[in-house]
Each structure stands twice: as C-alpha cells, then as structure tokens.
Amino acid sequence: MNFEASKEFALAQDSNDPLLGYRQKFHIPKVNDKDCIYFTGNSLGLQPTSTKKYIEEELEDWRNLGVEGHFHAKHRPWFHYHKFSKELLAQLVGAKPEEVVSMNNLTSNLHFMMVSFYRPSSSKYKIIMEAGAFPSDQYAMESQVRFHGFEPSQAIIEISPRPGEETLRTEDIVNLIEANSEELALVMMSGVQYYTGQFFNIKEITKAAHDANAMAGFDLAHAIGNVPLKLHDSGADFAVWCSYKYLNSGPGGVSGIFVHERHAKNSELPRFAGWWGHDEAQRFKMEKGFIPMKGADGWQLSNVNVLSSAAHLASLELFKEAGFSNLRAKSIKLTGYLEFLVNNLKSDEVSIITPDAIDERGCQLSIVIKNNGRMVFDELTKQGVVADWREPEVIRVAPVPLYNSFTDVYNFYSILKNMLN
C-alpha cells in the first residue's frame, strides 16, 4: 500500500474503513476535553460501551435470584459461565474449544501450568526463555526452578539478540535449543515480546523444543487479540494469557489457558486440583477422589469470577462481530502507516526496534528517541497522546484496529513532528 504523510490521506482511509464504526462501541478517554489518542491497548484496552450492560445483567440476576443464579440466571447461568467464552477464545488462539478455558489471572495460571509441564529431573531441568522477558515471567521461572531445588543461574538459559541487533532470530533460538537438548526440560517464550513487539515463530520454536524432548509453553499476554495464532496446529504444549490488554476485558480481568488436546485428555498428568476442575457431573456429590474434567477445563480450580467474565464476554462478542481476519488486515495497514510516518520524520534521533516484517509483529511499534525519550514521552502525554513508556528507552505505541483510526495515527505523527522540529 502506498502511504502519504497527509491528513487528507488519513481521512480518506478512515472513510473507506469498514471497521471504523467499532470505534463508537468503545469509551474513548478525554484529555483537555478532547478525545485522546489512545495508543496503549497493549497495556489496558478500552472499555466497550456494552460492558456495563453485561455486568448489570449479572447484578440483576444476583439481586433477583441469589444463589439460584448458578442454574437459573435469566441471561447466563453461572455454573456454566466458563463455557460461554470457549468458542470465541478458541478462534482467537487457533485451538479447539476443549483446549481453552478462561480462569484466574495470568501468573497464577503460569504457575499451574508449570506444575504439569515443568517436570525436571537431575539431568534434564533447564529452561530457555528470552532475555528481558516480562518480569512476572522471570519471577515465575526463578521461583519454579528454586522450588525444584535448582539455582536460577544454572537452570535458566536466557537468549539475547545478536550484538548490534534489537530482536531475536528464530534460527538462534532453534540453535540454542539444539545445543542444550540433553539438559533441556522446557522452552518458555512470549508470543509477542512486550518490550520490542516482536512476534515469535511459535511453530518453529515448538518443533525445536519437541525435537529436544522438551515442553514448549508461551505467554500470550501481548499476542491474543493482536496477532494470528494457531496454537493447536503449532503443537505448543500450553499457553497462558491475560484479557485486559487487547481483549479489553477490564483491569485485572479474568485470564485463560490453552492445553493441547494430547495432554488435555491425560488424567494422569500431575496438576494442582480444585473443585471446579472436577467432573461437573460428580461435583456436587462432594466426594473424595479428583476426577478431572476433559480438556483444559480440568485445570480449573475455583468457580468463575462472573462479574469479570461478563466484561470479558462483552469484548469477545465484538471480536466475533468484526472478525479477526478483518481486524488483522486493518492492523497491518494501521501499523504500517505508523511505521511509514515515523520513518518520514527522517530524524537520526528516532528509530523503531520492532521488526519490519508484518508476520513478525502485531499492533505495537517500539520507538526509541535518543537522549531525551522520556521528556518527549511526557510532552506527548500532555498533548493528549496516551502511549506507554518502558525503561530504559522505549515508547510503546499500539494502534488497535477495533477503536483506533488512521487519523489517530496521523495526529500522533503531527504532534511528534512538531515536537522534534
């Protein structure tokens, strides 16, 4: 697509955008009494206008029915609430419905997955992950290896980009896996790296892990709802995600897991069990002896957080209406336009560290402004741009196709250009 650095071009693109109407289905925060340029859906997605209705329906059932809402709620019986999001989540991550379930929050889900999929021995105990992974993933890996009696400095292998490069090469990840195959127990990577915005090749990484007789798991916090995923076909053993970023499900919203069907039907696989993972046909017999639900449902522990899950459903319905392939097509154009405009600044002070290739990135571009990046970020904030600063030197900018426009992208560029001139 041939882009132009003009307001007229942006307006023309918006006028031809079949998804532009979805912007009206979100609450856009205001700065200085004007709609802000909200480019931080990679940190917290905006609230759909339908969220209030979904939550109020559950409050109504709670008010009118009390405990009977578990089976007789007018809108969505609470006992089965986790099932209402399965089809939609499966579509977003490229899985079968029985391979996914919404539950808990991301880091607790990661620990629960590690119980099942990090089973180290004295000789095969190491974990490979990207250097600079999001801190919660680092802390989870550190605590897990210590729990099993190993030292993180010995058990965790971090892979960094080559000198002078900002992102990882798939071939280097594969080579590191092969080089450590005798001692490797798990490869644990992000789907999309939070700092650089790099979208990793899940299928190739998984294959390399399995060739090394190791498990492959992924943190999809920055990937789900952002980039096309094919978890089932990739063969990944497990994945975890949150829902408050691109899935727009509210701060601290309910998270989710993927467990490949080859494991999901294995009742002998070690796990931490809870009531809601027990066979629902037997659940209210209140008897000893855990019988896991089939599929990912068998990893549930407690009953569903209904109010949070209601907000989750409100947003997932918008993804269903819009169609993810349509959203991805717009995202490629939006992010491509942002890249074009940033490069059009022709400033030695400004660079993008996110990969150029569209199959190696999603919405987010990570922009480095040398020397005074934090000052520039603070001024952008004052002028109505809600972006995201990440130490030591990155401004993360993520135009989201559900509610951002080409005009948003152009206005951001115009503000930044005036600041740098």
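As the structure is a prediction and not an experimental result, all values here were calculated from the model.

The rules behind each value
Residues numbered from 1 in each chain as written. Predicted model: local features only at pLDDT ≥ 70, side-chain atom pairs only at ≥ 80, totals over all residues. Heavy atoms only, no water. Helix = DSSP H or I, 4+ residues; strand = E, 2+ residues; numbered from the N terminus. Rg over C-alpha atoms; globule rule 2.2 N^0.38 Å. Buried < 20%, exposed > 50% of the residue type's maximum accessible area, 1.4 Å probe, protein only. Contact = heavy atoms within 4.5 Å. Areas by Shrake-Rupley, 256 points an atom, 1.4 Å probe, with all protein chains shown as cover. Lys, Arg positive; Asp, Glu negative; His and termini not counted. Charge placed at Lys NZ, Arg CZ, Asp CG, Glu CD. Phe/Tyr/Trp six-rings, centres within 6.5 Å; stacked < 30°, edge-to-face > 60°. Lys NZ or Arg CZ within 6 Å of the ring centre and 35° of its normal. Arc of directions from axis to C-beta. Polar contact = N/O pair within 3.5 Å; in protein donor to acceptor, adjacent residues only side chain to side chain. Pairing = 2+ DSSP bridges. Axes fitted to C-alpha atoms, helices over the stretch in contact; angles between N-to-C directions.

With that out of the way, let us pick up the overall build of the protein. Looking only at helices and strands, the protein has 15 helices and 15 strands in total. Taking 2.2 N^0.38 as the reference for a compact globule, 421 residues should give roughly 22 Å; the C-alpha atoms of the protein span a radius of gyration of 22 Å, in line with that estimate. With the principal axes as the frame, the protein shows a C-alpha extent of 70 × 60 × 35 Å. Counting every position in the protein, which comprises 421 residues, the buried fraction comes to 57%. In the protein, of all internal contacts separated by at least 6 residues, the share reaching a separation of at least 24 is 70%. Here the protein displays about 18400 Å² of accessible surface, and carbon together with sulfur accounts for 50% of that area. For the protein, the distance from the average position of its 42 positive side-chain charges to the average position of its 52 negative side-chain charges is 4 Å.

Under the definition given, this model contains 23 aromatic pairs. Judged by centre distance (5.8 Å) and plane angle (35°), the rings of Phe79 and Phe284 are tilted. Of this pair, Phe79 sits in the loop between helix 3 (69-72) and helix 4 (86-93) while Phe284 sits in the loop between helix 11 (261-264) and helix 12 (306-322), and the two are 205 residues apart along the sequence. Centre to centre, the rings of Tyr337 and Phe340 are 6.5 Å apart; their planes meet at 10°, and the pair counts as stacked. Of this pair, Tyr337 and Phe340 both sit in helix 13 (residues 324-344), three residues apart, which is roughly one turn of the helix. Through a chain of ring-to-ring contacts, three or more aromatic side chains come together here, namely Phe3, Phe9, Tyr337, Phe340 and Phe406. The ring of Tyr54 has Lys53 lying over it, and the distance from NZ or CZ to the ring centre is 5.4 Å. In this structure, Arg283 packs its charged tip against the face of Trp276, placed 4.2 Å from the ring centre.

Every buried residue belonging to helix 14 (residues 373-382) is among Gly373, Val376, Phe377 and Leu380, and all of these are buried. Looking straight down helix 14, one finds its buried side chains confined to an arc of 100°; they lie on one side. Of the exposed residues in helix 14, those oriented more than 90 degrees away from the buried face are Met375 and Lys382. Where the residues of helix 14 are buried, they touch strand 12 (365-369), strand 13 (385-386), strand 14 (388-390), strand 15 (394-397) and helix 15 (406-420). In the segment just after helix 14, Gly384 is the residue with positive phi, at about 95°.

This brings us to the environment of Arg262. Looking at the element boundaries, Arg262 is found in helix 11. Among the residues examined, Arg262 registers a relative accessible area of 38% and is labelled partly exposed. Spatially, the C-alpha atoms of Arg262 and Glu99 are 9.5 Å apart, while their sequence positions differ by 163 residues. With residues near it in sequence (within four places) discarded, Arg262 still touches His210, Gly235, Ala236 and Asp237. Only 3.5 Å separates the side chain of Arg262 from the side chain of His210, close enough to count as a polar contact.

That bond from Glu391 to Pro392 is cis: its omega, 10°, falls within 30 degrees of zero. Here Pro392 is to be found in the loop between strand 14 and strand 15. The phi dihedral of Lys346 falls on the positive side, at around 50°, and the residue is not glycine. Of note, Lys346 is situated in the loop between helix 13 and strand 11 (350-352).

Spatially, the seven strands line up as an open sheet ordered 4-10-9-8-7-5-6, and their pairing is mixed. Of all the strands in the sheet, the pair left with one neighbour each is strand 4 (100-102) and strand 6 (156-159). Within the sheet, the average angular offset between the axes of one strand and its neighbour, ignoring direction, is 15°. Across three bridges, strand 8 (residues 215-219) lies against strand 9 (residues 238-241) in parallel orientation. Looking at the pairing, Asp219 lines up with Val240 of strand 9. On top of the sheet, helix 8 (residues 170-179) reaches strand 5 (126-130), strand 6 and strand 7 (184-190); it is set at about 155° to strand 6, its chief contact.

Within the secondary structure layout, Thr354 lies in the loop between strand 11 and strand 12. Judged by relative accessible area, Thr354 falls into the buried class, the value being 3%. A polar contact of 2.6 Å, which involves the side chain of Thr354, links it to the backbone oxygen of Thr196. Polar contacts involving the side chain of Thr354 include one to the main-chain amide nitrogen of Ser366, which spans 2.8 Å. Not counting the four nearest positions on each side in its chain, Thr354 is found in contact with Thr196, Gly197, Arg361, Gln364, Leu365 and Ser366.

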